[in-house]
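Secondary and tertiary structure notes
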Amino acid sequence: MNASIRKIIFCLAGLVLFVLSGMDFYQSRRLKEPVVIGNGVTQIQKLSNYFPPIEGTANDCNIYVLEGKEPGATLCILGGTHPEEPAGRLAAWLFAENAVMQKGRLIVVLSANRSATTVTRVGGAYPPEFTIPSPWGGQRFRMGDRWSNPLDQWPDPEVYIHYPSEQYLAYLDSRNLNRCWPGRPNGTLTEKTTYALLEMIRKEKVDIVIDLHEAELQYPVISTIVTHEKGQELAAIVSMTLTDLEGFKMGMEFSPKNLHGLSHREIGDYSDAISLLFEAPEPFLDATRGKTTTEQLLTGKDDFVVKAGKHGLLFEKIDEKGWPIDVRVGRHTSAVLQTMASWTEVHPEKPLACADVPRYAEVIEKGIGAFLHNPALAKPGRLMFE
Amino acid sequence: MELAVTIIYYCLVGFVSILLIYNLIKTKEWQKEVLYIIVLIPFLLRLFMLK
């Protein structure tokens, strides 16, 4: 074959590969995730309303505000701090689409680090998206990563020096939202985001912030509430009540005073709010996992992680049933609802009461999809996109 | 500073892409042609800010 014709054929094949892969990355970065706003949502703000310099960036996320008929305390749920821990985002989604506050206020953030929802782990072979089955077909969500997208924040430093503690942290964590609290107004995108979220927490006079996460089973901080010392009484009651009444183990531990940048430490230190962080088990994140697939993400089943458990390498139990996403989301919804109930017991003068959000057993019985609403049937003005 | 580093970085990516295309044109071995095209794709994805 003539060399020129051969080169042209190879170039065309390369062009096809480039276009196909480019389209895949482009579409997954821009996948629109619908939110059918529940009847309980009374206001929708943008994060830039609290800190204008974040406007126009990938992290100018939506803030859903649910006001009760009766006054009370204000609780803020942060979903999507680490988008690759989807139970946190999905639990927050169930609140945004279903919750009706009867007493007090609820503020829901679905994409605390929206930039991190638009990228997946380099070399991690993550699926670009996943679908939660529902009666109307299913809803697609971006998979996301732990860190902000390098296309939005780059270059990384040699060493990340946390502000203001000056503690040295891994360079990658300069893009980790949960290592950038309390943030700074003239910092990186991730630091500006935490600063903006903290401005929202301070201006809205939030009483409790709950940051929803998941953890690998090889990580010791798992199935637990991590609390700032201001929240020790509340966290202890919630931990004991959940373990006793809901049938799943939920521990409690203190936020280390010398480990900086984390929400449970810095929100408590830099605002009047009690800061709590909830962890659920996610085998998808374990380094010893087998094939990295959507099925593994959603079922939490993995023979290799089970084997690691048999060798005593895990901090949470796992068997052939895995850790299905419904179980992980149900743990979070129950934990948030129990926090409201326990807070109200301790502070009856500033109550929190929330209806229409499913608890642990109901989420497992019906599945998350039963509580997501069909975007095609959303009323005018009641459909948002993340 | 960050803007300067970013500009330099993208200039480097563009320069390497041009080198790869130049080598692709010059080489007479089909195995190397395939290699240059495969190596070029991630550079182009980065250059166009797709990945």
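Residues numbered from 1 in each chain as written. Chains lettered and ligands numbered in written order. Predicted model: local features only at pLDDT ≥ 70, side-chain atom pairs only at ≥ 80, totals over all residues.

Let us look at the overall build of chain B. The number of helices and strands found in chain B is two helices and zero strands. In terms of C-alpha radius of gyration, chain B reaches 13 Å, well past the compact-globule figure of 10 Å for 51 residues. Along the longest, intermediate and shortest principal axes, the C-alpha atoms of chain B span 40 × 20 × 10 Å. The buried share of chain B, taken over its 51 residues, is 12%. (Helix = DSSP H or I, 4+ residues; strand = E, 2+ residues; numbered from the N terminus. Rg over C-alpha atoms; globule rule 2.2 N^0.38 Å. Buried ≥ 20, exposed ≤ 12 C-beta atoms within 10 Å, placed from the backbone.)

Turning next to the overall build of chain A. Looking only at helices and strands, chain A has nine helices and 15 strands in total. Evaluated residue by residue, chain A yields a buried proportion of 50% over its 386 residues. Put simply, of all contacts in chain A between residues at least 6 apart along the chain, 73% involve residues at least 24 apart. (Contact = placed C-beta atoms within 7 Å.)

Bringing the nonpolar core into the picture now. Nonpolar side chains tend toward joint burial in soluble globular proteins. Residue and element names in this part refer to chain A. In terms of nonpolar packing, the biggest core is built from 85 residues, with I77, A92, A96, V108, I208, V209 and I210 touching the most fellow members. Of the residues forming this core, the biggest block, eight residues, is contributed by helix 2 (residues 86–98). Excluding residues that lie within four positions of it along the chain, I210 makes contacts with L75, I77, L78, L276, F278, V336 and T339. Counting 11 residues, the second-largest nonpolar core is a separate cluster that includes A215, I222, V305 and L314. (Core = buried A, V, L, I, M, F, W, Y, C linked by C-beta atoms within 7 Å.)

Turning our attention to the interface of chain B and chain A. Residue-level contacts link 16 residues of chain B with 15 residues of chain A. Elements with a contribution of two residues or more to the side of chain B that touches chain A: helix 1 (2–26) and helix 2 (30–47) of chain B. At eight residues, the largest contribution of residues to the side of chain B that touches chain A is made by helix 2 of chain B. Classifying every residue of the side of chain B that touches chain A gives 11 nonpolar, one polar and four charged. (Nonpolar A, V, L, I, M, F, W, Y, C, P; charged D, E, K, R; others polar.)

This brings us to the environment of S111(A). Among the secondary structure elements, S111(A) is positioned in the loop between strand 5 (100–109) and strand 6 (129–132). Ignoring any residue separated from it by four or fewer positions in sequence, one finds S111(A) in contact with C61(A), G80(A), T117(A) and E386(A).

Okay, the packing of helix 2 of chain A against helix 8 (residues 325–346) of chain A next. Residues and elements named next belong to chain A. Look at helix 2 against helix 8: their axes get within 9 Å of each other, and the N-to-C directions meet at 60°. The orientation of helix 2 with respect to helix 8, classified from their angle, is oblique. Crossing geometry of helix 2 relative to helix 8 is assigned as right-handed. Two secondary-structure elements touch here, helix 2 through P86, A87, G88, L90, A91 and L94 and helix 8 through I325, R328, V329, H332 and T333. Across the contact of helix 2 with helix 8, the residue classes break down as seven nonpolar, three polar and one charged. (Axes fitted to C-alpha atoms, helices over the stretch in contact; angles between N-to-C directions. Parallel < 35°, antiparallel > 145°, perpendicular 65-115°, else oblique. Left-handed = near helix turned anticlockwise from the far one by under 90°.)

Below, the discussion takes up helix 2 of chain A. Taking 1.5 Å of rise per residue, the 13 residues of helix 2 of chain A would be expected to cover 18 Å, and the 18 Å separating its terminal C-alpha atoms lies within 8% of that figure. Counting buried positions along helix 2 of chain A gives 13 out of 13 residues, so the element sits mostly inside the fold. (Expected span 1.5 Å × (residues − 1).)

Residues and elements named next belong to chain A. Cis geometry marks the peptide bond from W154 to P155; its omega dihedral reads 0°. For the bond from W181 to P182, the omega torsion is 0°, close enough to zero to count as cis. Mapped onto the elements of the fold, P182 is located in the loop between strand 9 (168–169) and helix 3 (189–203). Phi at D356 is positive, roughly 75°, even though this residue is not glycine. Here D356 shows up in the loop between strand 14 (353–355) and helix 9 (360–366). In this structure D356 comes out as partly exposed when scored by C-beta crowding, with 16 C-beta atoms within 10 Å.

Axis separation between helix 1 (residues 3–29) of chain A and helix 2 of chain B bottoms out at 10 Å; the angle between their running directions is 25°. Here helix 1 of chain A lies roughly parallel to helix 2 of chain B, going by the angle between them. Viewed along their axes, helix 1 of chain A and helix 2 of chain B form a crossing whose handedness is right-handed. On the side of helix 1 of chain A, the interface is formed by R6(A), K7(A), F10(A), C11(A), G14(A), L17(A), F18(A), S21(A), G22(A) and F25(A), while helix 2 of chain B contributes W30(B), E33(B), V34(B), I37(B), L40(B), I41(B), L44(B) and L45(B). By residue class, the composition of the contact of helix 1 of chain A with helix 2 of chain B is 12 nonpolar, three polar and three charged.

Let us look at the pairing of strand 5 of chain A. All names here are of chain A. Most of strand 5 is tucked away: seven of the 10 residues are buried. Strand direction decides the pairing type here: strand 3 (residues 62–67) and strand 5, joined by five bridges, are antiparallel. When the bridges of strand 5 are listed, E67 appears paired with R105. Sheet analysis places strand 4 (residues 70–78) next to strand 5, joined by six bridges and oriented parallel. In the sheet register, I77 faces strand 5, and the bridge partner there is V108. As defined by bridge partners, strand 5 adjoins strand 14 across three bridges and the pair is classed as antiparallel. In the strand pairing of strand 14, K103 is matched with A353. (Pairing = 2+ DSSP bridges.)

Along the chain, the position of G309(A) falls in helix 7 (residues 303–310). On a C-alpha basis, the gap between G309(A) and V19(A) in space is 43 Å, while along the polypeptide they are 290 residues apart.

Bringing helix 2 of chain B into the picture now. Under the 1.5 Å per step criterion, the end-to-end length of helix 2 of chain B is 25 Å for 18 residues, consistent within 8% with the ideal 26 Å. Of all bends in helix 2 of chain B, the biggest is about 25°, found at I41(B), and the proline P42(B) comes one to four residues later. In this structure, the buried residues of helix 2 of chain B make contact with helix 1 of chain A together with helix 1 of chain B. Downstream of helix 2 of chain B by a residue or two, M49(B) has a phi angle that is positive, lying close to 55°. (Bend = angle between axes of the 7 residues up to and from the residue.)

A few words now on the confidence of the model for chain B. Do not read the predicted coordinates in detail wherever pLDDT is low. Predicted confidence across chain B gives a mean pLDDT of 93, with 100% of residues reaching 70 or more. As a predicted assembly, this complex carries a pTM of 0.93 together with an ipTM value of 0.92. (pLDDT = per-residue confidence, 0-100.)

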